[in-house]
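Each chain, letter by letter, is given below.
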Amino acid sequence: MNETVRLPANSPPDPSLSQPMKRPDHILRVLLIEDSAEMAASMVSQLRNAGIPIRPTHAVDLPNLESLLDQAPDLVLIALANRSIGLAPTMDAVNRSGKDISVVGYAQSPADSREVAKAASIGVCGFAFSDQPEHVGAVIQREFSSLTARRSQRRLEAALREAQRRCDALLESSNEPIAYEHEGMHVRANKAWMDAFE
């Protein structure tokens, strides 16, 4: 018997897809790029004082940076005045890694607007004033929230693709003629359905 599955014109979204994804590890993995070990420690302290649990690492040169990027940090925090690893080489290394890693630059206020503009033009996604702890915390939390949302979206997209693949496999393996109809049009039919009308 032929079977047609009708899809409502305004089907409500699956509520399970709107639920936030739980992170297995809530600790923010931060890779610091800073000439001064004292300043790097100060930035770590600021973030922890802002209530952000972090697991910091500190890159001292480009090979070290590339090695640490393999560990997939959540965020790179780089001083715009850093000289041991320049901003451009840092962005090149992050891009080559192929990972979704947010890069945030920082400097003491008042910052050179040209340096900030240059950083933004090559892909730095956020900027913080290192001598304003509340600003540092707010910027890091915003970028981490954005990163988490992107990762959740990719997981949902992967889950949707897998569900579609399984649905297609089930449809094609059925010996019963099945077609999907949407707003009066057949949008999908299996081989058994097509054979029934030949």
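Each remark here, short or long, concerns the structure printed above.
Residues numbered from 1 in each chain as written. Predicted model: local features only at pLDDT ≥ 70, side-chain atom pairs only at ≥ 80, totals over all residues. Heavy atoms only, no water.

Trainee: Which residues make up the pairing of strand β7 (residues 178-182), and what are the values?
Mentor: For a regular strand, the rule is simple: side chains alternate between the two faces of the sheet. One ladder, built from four bridges, connects β7 with strand β8 (residues 185-189); its direction is antiparallel. Within β8, the position partnered with Glu181 by the bridge is His186. The hairpin formed by β7 and β8 contains two residues between the paired strands, and Glu183 there has a positive phi angle of roughly 55°. (Pairing = 2+ DSSP bridges. Helix = DSSP H or I, 4+ residues; strand = E, 2+ residues; numbered from the N terminus.)

Trainee: Which residues make up the side chain of Asp74, and what values do they have?
Mentor: Within the element layout of this structure, Asp74 appears in the loop between α2 (62-69) and β4 (75-79). Looking at Asp74, its side chain comes within polar contact range of the main-chain nitrogen of Arg29, at 2.8 Å. Polar side-chain contacts of Asp74 include one of 2.7 Å to the side chain of Arg151. (Polar contact = N/O pair within 3.5 Å; in protein donor to acceptor, adjacent residues only side chain to side chain.)

Trainee: So what's going on with helix α5 (residues 133-173)? Residues and values would help.
Mentor: Residues three or four positions apart in an α-helix share a direction because the helix packs 3.6 residues into each turn. Helix length check: α5 (41 residues) gives 60 Å between terminal C-alpha atoms against 60 Å at 1.5 Å per residue, within 8%. Taken together, the buried positions of α5 are Val136, Gly137, Val139, Ile140, Glu143, Phe144, Leu147, Thr148, Arg151, Ser152 and Leu171. (Expected span 1.5 Å × (residues − 1). Buried < 20%, exposed > 50% of the residue type's maximum accessible area, 1.4 Å probe, protein only.)

Trainee: Lay out the pairing of strand β6 (residues 126-129) with the relevant residues and their values.
Mentor: Pairing geometry for strand β5 (residues 102-107) and β6, over four bridges, is parallel. Bridge pairing in β6 places Val104 opposite Gly126. Traced from β5 through helix α4 (residues 113-121) to β6, the parallel crossover comes out right-handed. (Right-handed = clockwise from strand over helix to strand, strands pointing away.)

Trainee: Residues and numbers for α2, please.
Mentor: All of the buried residues along α2 are Leu65, Leu68 and Leu69. Here the buried residues of α2 occupy an arc of 100° about the axis, which is enough to place them on one side. The secondary structure elements touched by the buried residues of α2 are β2 (28-33), β3 (54-59), β4 and α3 (87-97). (Arc of directions from axis to C-beta. Contact = heavy atoms within 4.5 Å.)

Trainee: Tell me about the nonpolar core, and name the residues and values.
Mentor: Counting residues in each nonpolar core, the largest one holds 21 residues, and the members touching the most others are Leu77 and Ile140. Counting residues per element, the ones that place at least two in this core are β2, α1 (37-49), β4, β5 and α5. Residues in contact with Leu77, not counting those within four places in the same chain, are Val30, Leu31, Leu32, Ile33, Met43, Leu47, Val104, Tyr106 and Ile140. Ala59, Leu65, Ile101 and Val124 belong to the second largest nonpolar core, which has 20 residues in total. (Core = buried A, V, L, I, M, F, W, Y, C linked by side-chain atoms within 4.5 Å.)

Trainee: How would you summarise the environment of Tyr180 if you had to cite specific residues and measurements?
Mentor: Locating Tyr180 in the fold gives a position in strand β7. By relative accessible area, Tyr180 is classed as partly exposed at 22%. In this structure the C-alpha to C-alpha distance between Tyr180 and Asn190, which are ten residues apart in sequence, comes to 9.2 Å.

Trainee: How would you summarise the side chain of Glu34 if you had to cite specific residues and measurements?
Mentor: Counting through the fold element by element, Glu34 comes out in the loop between β2 and α1. Buried and unpaired, Glu34 has no salt bridge, with Arg83 as the nearest side chain of opposite charge at 9.7 Å. Within the structure, the side chain of Glu34 is placed 3.0 Å from the backbone nitrogen of Ser36, a separation counted as a polar contact. A polar contact is formed between the side chain of Glu34 and the side chain of Tyr106, at a distance of 2.5 Å. For Glu34, the residues in contact, after removing those within four places along its chain, are Met39, Ala40, His58, Ala79, Asn82 and Tyr106. (Lys, Arg positive; Asp, Glu negative; His and termini not counted. Salt bridge = Lys/Arg side-chain N within 4 Å of Asp/Glu carboxyl O.)

Trainee: How would you summarise the sheet that holds β4 if you had to cite specific residues and measurements?
Mentor: Spatially, the five strands line up as an open sheet ordered β3-β2-β4-β5-β6, and their pairing is parallel. Looking at which strands have only one partner, the edges of the open sheet turn out to be β3 and β6. Ignoring which end each strand starts from, the neighbouring axes of this sheet average 25° apart. The strands touched by α1 within the sheet are β2, β3, β4 and β5, with β3 carrying the most contacts at an inclination of about 165°. With respect to the sheet, α5 is in contact with β2, β4, β5 and β6, its orientation differing from that of β6 by roughly 160°. (Axes fitted to C-alpha atoms, helices over the stretch in contact; angles between N-to-C directions.)

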